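Structural overview
Single-letter residue listing:
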Amino acid sequence: AQSVTQLDSHVSVSEGTPVLLRCNYSSSYSPSLFWYVQHPNKGLQLLLKYTSAATLVKGINGFEAEFKKSETSFHLTKPSAHMSDAAEYFCVVSDADSWGKLQFGAGTQVVVTP
Amino acid sequence: NAGVTQTPKFRILKIGQSMTLQCAQDMNHNYMYWYRQDPGMGLKLIYYSVGAGITDKGEVPNGYNVSRSTTEDFPLRLELAAPSQTSVYFCASTGRTDSYEQYFGPGTRLTVT
């Protein structure tokens, strides 16, 4: 069975400071891990994905995430927050043997202040 | 190439009414999915399909039905709408399941009153 826990429901950062969104996962098989972003009243956009290649994954808009198997974590970071990063972020896991079904975390709301 | 399209964008239903949410993709993807997103929550899988004629239940299937007669279309049927089905519904598709991303439609916002 697969599950995801996003450790922070709400994160507030100042523009230009680093962003850290924490995610722990549970998976029975070799997982694929994703981060999606959802801007207000919009659909979902893929930020990045881990697919058992490099453990440090770079995504769009300066985001990156590191897969740590020993810690079952997949934290998302960005060195310098921009106002446009204000959105809801979802950590997502998919087991290798699950027909591509995605298990979403509850989400982290990011607020960026000037 | 329109990707994943959903209609309608918005709908208000009365309790007990029925409706069909439409989803179509033009990427020739075999795998399609329906999710619902309740306020402040992540998405939960309702039903999925691995190809035309093949569907299966997800995490929250009660109150819904699906069919998949073609590769392109994957409609979601709500029978006897209830207030608990007020949500935003997303359809998604993917060409492969080995770590390929799912492409999401823009969503349908449904209110049942």
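Let me begin by describing the structure that accompanies this report. (Residues numbered from 1 in each chain as written. Chains lettered and ligands numbered in written order. Predicted model: local features only at pLDDT ≥ 70, side-chain atom pairs only at ≥ 80, totals over all residues. Heavy atoms only, no water.)

**Some thoughts on the environment of Asn61(A)**
Residue position: Asn61(A) is located in the loop between strand S7 (56–58) and strand S8 (64–68). Each C-alpha atom of the pair Asn61(A) and Tyr36(A) lies 12 Å from the other, and the pair is 25 residues apart in sequence. (Helix = DSSP H or I, 4+ residues; strand = E, 2+ residues; numbered from the N terminus.)

**With respect to the pattern of salt bridges**
All names here are of chain B. Within the structure shown, the criterion is met by 6 salt bridges over all chains. With a shortest N-O distance of 2.8 Å, Asp38 and Arg36 are connected by a salt bridge. Relative accessible area serves as the criterion here: at 24%, Asp38 is assigned to the partly exposed category. Between Glu79 and Arg77 there is a salt bridge, and its shortest N-O distance comes to 3.2 Å. Relative accessible area serves as the criterion here: at 36%, Glu79 is assigned to the partly exposed category. (Salt bridge = Lys/Arg side-chain N within 4 Å of Asp/Glu carboxyl O. Buried < 20%, exposed > 50% of the residue type's maximum accessible area, 1.4 Å probe, protein only.)

**Examining the pairing of strand S5 (residues 31–38) of chain A**
Residues and elements named next belong to chain A. Taken across its 8 residues, S5 has 8 buried, putting it largely inside the fold. Neither face of S5 is exposed, since Pro31, Leu33, Trp35 and Val37 on one face and Ser32, Phe34, Tyr36 and Gln38 on the opposite face are all buried. When S5 meets strand S10 (residues 87–95), the two strands line up antiparallel, connected through 8 bridges. From the neighbouring strand, Gln38 faces S10, where its bridge partner is Glu88. With 6 bridges joining them, S5 and strand S6 (residues 44–50) adopt antiparallel strand pairing. (Pairing = 2+ DSSP bridges.)

**Brief notes about unusual backbone geometry**
Across the chain, the bulk of peptide bonds are trans and the bulk of non-glycine residues have phi less than zero. Going from Thr7(B) to Pro8(B), the amide bond is cis rather than trans, its omega being -5 degrees. Position of Pro8(B) relative to the elements: it lies in the loop between strand S1 (4–7) and strand S2 (10–13). For Asn61(A), which is not glycine, the phi dihedral falls at a positive 60 degrees. One non-glycine residue with positive phi stands out, namely Leu80(B), at about 55 degrees. Here Leu80(B) is to be found in the loop between strand S8 (76–78) and strand S9 (87–94). Look at Leu80(B) and you get exposed, because its relative accessible area is 63%.

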